[in-house]
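Architecture at a glance
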Amino acid sequence: MKVLVIGGGAREHALCRSLSLDPDVTALHCAPGNAGIAEVAELHPVDQLDGDAVARLATELGAGLVVVGPEAPLVAGVADAVRAIGIPVFGPSREAAELEGSKAFAKDVMAGAGVPTARSYVCTTPEEIDEALDAFGAPYVVKDDGLAAGKGVVVTDDLAQARAHALACDRVVIEEYLDGPEVSLFAITDGTTVLPLQPAQDFKRALDGDEGPNTGGMGAYSPLPWADPKLVDEVLATVLQPTVDELRRRGTPFSGLLYAGLAITGRGVRVIEFNARFGDPETQVVLARLRTPLAGVLLNSANGTLDDQAPLSWSDEAAVTVVVASRNYPDTPRTGDPIEGLAEVAEKDHPHAYVLHAGTKRDGGSVVSAGGRVLSVTATGTDLAQARERAYAAVGRIRLDGSQHRTDIARKASEA
């Protein structure tokens with residue numbers, strides 16, 4: 001099978017890495033890709049928001065499967081354009097991707113499906129914003145209704161900050177604060193059958209101790225030793241399957257990757273948000289533990305044959321990923337800085353630790369930074385403590401001027 005992956009971040013590098021290890025994948029392509037993905041796939045320039053351009057590229061390459069990585073192309077309808085020419089595609093339709101594209105739509109679907117979530121108000125005027133903020137009180141949870149690359153949510157005790165963020169959005173969802181640890185659970189679905197993956201936890205705040213601004217994610221780990229062993233089954237029964245059933249009932253079946261961001265509260269599991277694609281950086285640790293070859297699972301989702309899929313096989317090992325970000329991230333990150341130490345990691349840490357590229361590109365003979373989150377350094381080990389140790393040892397070999405990373409990814413869980 002020839003596979004084309006759309007995107008150019010660390011999530012797509014993780015997908016490409018797993019697909020490159022799949023014996024059924026005879027050729028692997030990525031558009032637009034990045035400097036790291038170029039080592040495992042052939043890169044092609046493409047406007048990833050242009051469905052017709054992606055469909056043409058898939059046709060030219062003779063792709064037997066297209067995997068759409070990021071949310072923006074899905075919300076733009078790229079998967080629909082590829083499906084329209086008869087090529088199997090992993091990723092939901094534009095209508096179904098509104099589950100991530102609009103927080104208000106997601107809340108409506110959850111209400112219809114009876115899925116437990118935070119109480120909320122959808123606001124479009126300053127008066128509605130003030131009423132909602134007053135109704136819930138601090139901590140204030142304010143979410144841009146549209147796509148914001150993981151950075152559209154503000155959680156704060158500062159009323160002025162919450163109100164300023166709300167006023168800057170065209171439409172905003174203001175909701176009650178959910179206490180308790182957060183969990184990310186992915187599920188692959190063909191619109192009927194739902195196949196959950198292993199849970200992970202990510203770290204959204206920029207600084208150690210969950211301080212600083214929200215980011216796209218500064219690290220992640222899996223498995224979760226503190227989680228109830230029945231968690232996955234419970235979320236499948238109360239969240240994932242009802243949501244997929246509700247979307248199918250509405251005539252907008254969801255096929256692809258359904259991501260549930262969850263809070264484990266004192267009152268039980270509550271959905272914080274849905275995403276319509278693999279999460280970044282959780283994908284890096286989840287795929288590091290997946291033993292089942294990936295391409296066949298994604299193809300079964302695309303073809304509506306997921307009920308034929310054998311149970312997934314998982315490694316008993318733990319995985320940790322640490323994000324190395326540019327100077328000034330998540331504000332206006334500095335780019336164009338050379339990255340050194342990549343060969344050293346490959347030589348000294350393989351196969352237990354490896355580097356997945358996010359915001360990188362080639363500049364002559366050098367790899368340079370080209371985004372806010374630059375690298376995801378990922379490691380496996382017999383337990384979280386060993387995986388952490390290996391990940392941070394590899395991070396220590398990376399040299400990028402002004403770069404930043406958290407030093408506490410998976411620390412608490414590894415000490416539990």
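Residues numbered from 1 in each chain as written. Predicted model: local features only at pLDDT ≥ 70, side-chain atom pairs only at ≥ 80, totals over all residues. Heavy atoms only, no water.

The subject of this paragraph is the sheet that holds strand β12 (residues 201-202). A sheet is described by the order of its strands in space; here five strands give the open sequence β12-β15-β18-β22-β19, paired in antiparallel fashion. Strands at the two margins of the open sheet, each flanked by one partner only, are β12 and β19 (353-357). Where β12 and strand β15 (residues 219-222) come together, two bridges link them in antiparallel fashion. Following the sheet pairing, Q201 is matched in β15 by Y221. Strands in contact with helix α1 (residues 10-20) are β19 and β22 (373-381); relative to β19, the strand with the most contacts, it is inclined by about 125°. Along the sheet face, helix α13 (residues 384-395) touches β15, β18 (318-325), β19 and β22 and points at about 30° away from the line of β18. (Pairing = 2+ DSSP bridges. Helix = DSSP H or I, 4+ residues; strand = E, 2+ residues; numbered from the N terminus. Contact = heavy atoms within 4.5 Å. Axes fitted to C-alpha atoms, helices over the stretch in contact; angles between N-to-C directions.)

Let us now look at the side chain of H13. Examined against the element boundaries, H13 turns out to sit in helix α1. For H13, the contacting residues outside a window of four places in its chain are G36, I37, V355, L356 and H357.

All told, the structure shown has three cavities of 30 Å³ or more when counted by the stated rule. Put simply, the largest cavity is a space of about 70 Å³. Every residue along the wall of the largest cavity is listed here: L99, K103, A106, K107, M110, K143, V173, E175, I272, E273 and F274. The set of elements that each furnish at least two residues to the lining of the largest cavity consists of α6 (103-113), β9 (172-175) and β17 (268-275). (1 Å grid on protein atoms, 1.4 Å probe; cavity = no way out; pocket = protein on both sides within 12 Å on 5 of 7 lines; lining within 4 Å. Points joined across faces, edges and corners; volume = space filled by probe spheres on them.)

Our focus in this paragraph is the packing of aromatic side chains. Throughout the structure, instances matching the rule amount to five aromatic pairs. Aromatic side chains F90 and F278 sit 6.1 Å apart centroid to centroid with 35° between the ring planes, which places their arrangement in the tilted category. With F90 in strand β5 (residues 89-90) and F278 in the loop between β17 and α10 (282-289), this pair connects stretches of sequence that are 188 residues apart. An identical accessibility class is assigned to F90 and F278; each is buried. Geometrically, the ring pair formed by F203 and Y221 is tilted, given 6.1 Å between the ring centres and 40° between the ring planes. With F203 in the loop between β12 and β13 (205-207) and Y221 in strand β15, the pair connects residues that are 18 residues apart, well separated along the chain. Of the residues examined, F203 reaches a relative accessible area of 11% and is grouped as buried. By relative accessible area, which is 2% here, Y221 ends up buried. The side chain of R17 reaches across the aromatic face of Y354, ending 3.7 Å from its centre. (Phe/Tyr/Trp six-rings, centres within 6.5 Å; stacked < 30°, edge-to-face > 60°. Buried < 20%, exposed > 50% of the residue type's maximum accessible area, 1.4 Å probe, protein only. Lys NZ or Arg CZ within 6 Å of the ring centre and 35° of its normal.)

Tallied over the entire structure, the rule returns zero disulfides. C30 carries a free sulfur, and the closest cysteine sulfur to it, the one in C16, is 4.2 Å from it. Of the residues examined, C30 reaches a relative accessible area of 0% and is grouped as buried. The thiol of C123 is unpaired, and the distance to the nearest cysteine sulfur, on C169, comes to 11 Å. (Disulfide = S-S within 2.5 Å.)

This paragraph deals with the environment of H352. Assignment of secondary structure puts H352 in the loop between α12 (342-348) and β19. Measuring from C-alpha to C-alpha, the distance between H352 and G365 comes to 27 Å, with 13 residues separating the pair along the chain. Those residues within four positions of H352 in sequence are excluded, and the remaining contacts are T378, A379, T380 and R390.

Coordinates in, geometry out; function isn't part of it.
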